[in-house]
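Survey of secondary and tertiary structure
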Amino acid sequence: MSEKLGLLSIYKLLPQTNCGQCGEANCMAFASRLLERSKLPEDCPPLVKQPKYKKNYEKLAAMIAPPIREVKIGSGERTVKIGGEEVLYRHQLSYHNQTAIAIDVSDNMTAEEIRSRCAATEKFSMIKMGQQMRLDMIAVRAASGEPERFASTVKLVNEVCSLPLMLCSTDPASLKAALEVQGVSEKRPLLYAATKDNWKEVGELAQRYICPVVVSSPNNLDGLVSLASTLESMGLKDIVLDPGTLVEGSLLKETINNLVMLRRSGLLKEKALGYPLLCIPAVVWATAEKADPVVTAYRESYIASLLVNRYADIIVMHSLDIWAVLPVVTLRQAVYTDPRKPVSVESGVREIGTVDESSPVLVTTNFALTYYTVVNDIEASGVNCYLIVADSEGLAVEVGVAGGQFNATKINDALGVSNLAGKMNHKRMVIPGRAARLKGDIEDTTGWEAMIGPQDSSEIGGFIKKHWDAPK
């Protein structure tokens, strides 16, 4: 979508009947949703179903298509989407499809090793700020050079793992053998890679099996453009660009520069560059036979983090150590969080531990980071209590107080919905120390006594032990 695309230019292509079938109050509201990409043209039934709007629908779909094509890999629930970006800098709008992380296996590994790595990749799951962080794909490498062995490995991976696959070989015969394994081509694996030597054969495989394909030209952007243009002329649309992942010495700087140039050019809609980018930080293991594996994994982790920061839409890693993977997925979460929408949790009243009618009642905001920090500190201190989570529109305590989003009315709303007053034999609550100025308003609005708590939630345990006495 163009950065200069305006609300009115979208609205003019809508039916302008305000029918509400899209779920919005009127067509202007729907146009706004289209502009921020929370809705699609297909969500407007008249636009799709009525022939008189067909041209408008086609024009609108082309108008709001992102300059970086969105490519889907795999099928079903774990389908991976990459690309679809519209801006160079996150603060200009938002990044949409987070970097996919693939873990590699090779056909030189034992069956037990492959099963173990697939299981660990698929089961990887961490919850941070209420969001689940997972690994996304398995990259199967043809290290043996034997098509039959590669196909056998792909068959095993496909049987033990439901994640989308990336088939890695520059030998068209190996890719063909893997695609002919029952059930593999139906999952739309990503083919890696078409090069200057095999582009015709690999392109034809991508056409025949309707799979996304990577074009690879290490540290040669002109060659990369030429390859992508050639595959485009074959009618292929789901293309991923691999400019090479060079990590030795100053070559790492070249890799980063190449990524920036490609993304910038793609956003400017330069020919054959509007595609997602792929990098392989796992290459650090190729020259690390005698190196300390801990040092190599650490190196792979920080290089992967650099690449996530510089527009890599998919990366392939080898290390599965939690201390190497966790920094990458955590950074990815931060980069791909929508800056327009503070990460928040549902407001209301939570029970922490075993509570009764005389338990303490504490208050916090629904900003996710604040909420989970407070809950963790309460649980760590062993305090059993009720926690009122006020709807501060996803803002932290101090910011919410200053802006008026965290106020007595929001706390009273949470109290009313939960009917907490009817469960308690007291009317006392502990408010954050950083919201001390709200004490009077809270007491007037809720009818509860507001005790001013500590400035930092890590002090809640000590505060409750010292100040919370028998209910009055």
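Structural data are supplied above this passage.
Reference entry: report on the structure contained in this document. Every value quoted in this text rests on a predicted model; they were computed, and no experiment measured them. (Residues numbered from 1 in each chain as written. Predicted model: local features only at pLDDT ≥ 70, side-chain atom pairs only at ≥ 80, totals over all residues. Heavy atoms only, no water.)

**Here we look at the packing of helix α10 (residues 251-267) against helix α11 (residues 293-309)**
The criterion, for reference: Lines fitted to the C-alpha atoms define the axes, with helices restricted to the stretch that makes contact. Angles between their N-to-C directions range from 0 to 180 degrees. Every helix listed is a DSSP run of H or I at least four residues long, and every strand listed is a run of E at least two residues long, numbered separately from the N terminus. What sets the label is the angle itself: under 35 degrees gives roughly parallel, over 145 gives roughly antiparallel, 65 to 115 gives roughly perpendicular, and the rest give oblique. In this scheme the handedness of a crossing depends on how the near helix is turned from the far one: anticlockwise by less than a right angle means left-handed, clockwise means right-handed. When checking whether two residues touch, look at their non-hydrogen atoms; a contact exists if any pair is within 4.5 Å. In this count, Pro and Cys sit with the nonpolar residues alongside Ala, Val, Leu, Ile, Met, Phe, Trp and Tyr, while Asp, Glu, Lys and Arg are called charged and the others, Gly among them, polar.
Where α10 contacts α11, the two axes come as close as 10 Å, and the packing angle between them is 25°. Between α10 and α11, the angle is such that the two are roughly parallel. You can see that α10 and α11 cross each other, and the crossing is right-handed. Of the residues in α11, those touching α10 at L252, T255, I256 and L259 are I303, L306 and L307. Residue classes in the contact of α10 with α11 are distributed as 6 nonpolar, 1 polar and no charged.

**Digging into the environment of T373**
Note the following rule: Only protein chains enter the calculation, and the probe is 1.4 Å; a residue is then buried if its accessible area is under 20% of its type maximum, exposed if over 50%, and partly exposed in between. Any pair of N or O atoms that falls within 3.5 Å is considered a polar contact. Within protein, one atom must be able to donate a hydrogen and the other to accept it, and sequence-neighbouring residues count only if both atoms are side-chain atoms.
Tracing the backbone through its elements, the reader meets T373 in helix α13 (residues 368-381). Looking at T373, the relative accessible area reads 34%, which means it is partly exposed. For the pair T373 and H318, spaced 55 residues apart in sequence, the C-alpha to C-alpha distance is 32 Å. At a separation of 2.6 Å, a polar atom in the side chain of T373 contacts the main-chain carbonyl oxygen of L369.

**Brief notes about the pairing of strand β5 (residues 131-134)**
What counts, and what does not: Should DSSP find at least two bridges between two strands, the strands are taken to pair.
As defined by bridge partners, strand β4 (residues 125-128) adjoins β5 across 4 bridges and the pair is classed as antiparallel. Bridging across to β5, I127 finds its partner in Q132. Hairpin connection, β4 to β5: the antiparallel pair is bridged by 2 residues, and M129 has positive phi, about 55°.

**Topic: the nonpolar core**
For soluble globular proteins, nonpolar side chains are generally found buried alongside one another. Heads up, the condition is: To define a nonpolar core, start from buried Ala, Val, Leu, Ile, Met, Phe, Trp, Tyr and Cys residues and group those joined through side-chain atoms within 4.5 Å.
Within the largest apolar cluster, 74 residues are counted, with the highest numbers of intra-cluster contacts made by I138, V157, L167, V213, V215, L241 and I315. Examining the composition of this core, we find that 6 residues originate from one element, α10, more than from any other. Here V215 is in contact with A194, L224, L227, A228, L231, I239, V240, L241 and D242, once residues within four sequence places are set aside. Within the second largest apolar cluster, 22 residues are counted, among which are F406, M424, L438 and I442.

**Details of the packing of aromatic side chains**
Where we set the bar: Under the pairing criterion, centres of Phe, Tyr and Trp rings, with the six-membered ring standing for Trp, must be within 6.5 Å; the plane angle then separates stacked pairs below 30 degrees from edge-to-face pairs above 60, leaving the rest tilted. When the NZ atom of lysine or the CZ atom of arginine is within 6 Å of a ring's centre and also within 35 degrees of its normal, the charge is said to sit over that ring.
Going through the model one piece at a time under the given rule, you end up with 3 aromatic pairs. When the ring centre of W468 is taken as reference, the NZ or CZ atom of R428 above it lies at 4.7 Å.

**Observations regarding the packing of helix α6 (residues 147-160) against helix α7 (residues 172-179)**
At their nearest, the axes of α6 and α7 sit 8 Å apart, and the two run at 35° to each other. When the axes of α6 and α7 are compared, the crossing they make is right-handed. Of the residues in α7, those touching α6 at P147, F150, A151 and V154 are A173, S174, A177 and A178. Among the residues making up the contact of α6 with α7, the classes are represented as 7 nonpolar, 1 polar and no charged.

**Section: the sheet that holds strand β10 (residues 239-242)**
Read from one edge to the other, the open sheet built from 8 strands follows the order β10-β9-β8-β7-β6-β3-β12-β11, with strand pairing classed as parallel. Taken across any chain shown, the strands that pair with only one partner, and hence form the sheet edges, are β10 and β11 (278-279). Where strand β3 (residues 100-106) lies against strand β6 (residues 137-141), 5 bridges are found, and the strand directions are parallel. Its bridge partner being in β6, I103 is matched across the sheet by I138. Set on the sheet, helix α5 (residues 111-123) makes contact with β3 and β6; between it and β3 the angle comes to about 170°. Here helix α12 (residues 322-335) sits on the sheet and contacts β3 and β12 (314-317); the angle it forms with β3, its principal contact strand, is near 155°.

**Remarks on the side chain of T446**
Residue placement: T446 occurs in helix α16 (residues 439-446). Here I442 takes part through its backbone oxygen, which lies 2.6 Å from a polar atom of the side chain of T446. Among the polar contacts listed, one links the side chain of T446 to the backbone nitrogen of W448, at a separation of 3.0 Å. Setting aside anything within four residues of it in sequence, one finds T446 in contact with A408, N412, L415 and M429.

**Overview of the environment of S94**
Here S94 shows up in the loop between β2 (80-83) and β3. Looking at S94, the relative accessible area reads 3%, which means it is buried. A sequence separation of 99 residues divides S94 from A193, and the C-alpha atoms of the two residues are 30 Å apart. The residues touching S94, leaving out its near neighbours within four places in the chain, are E85, V87, D338, P339 and R340.

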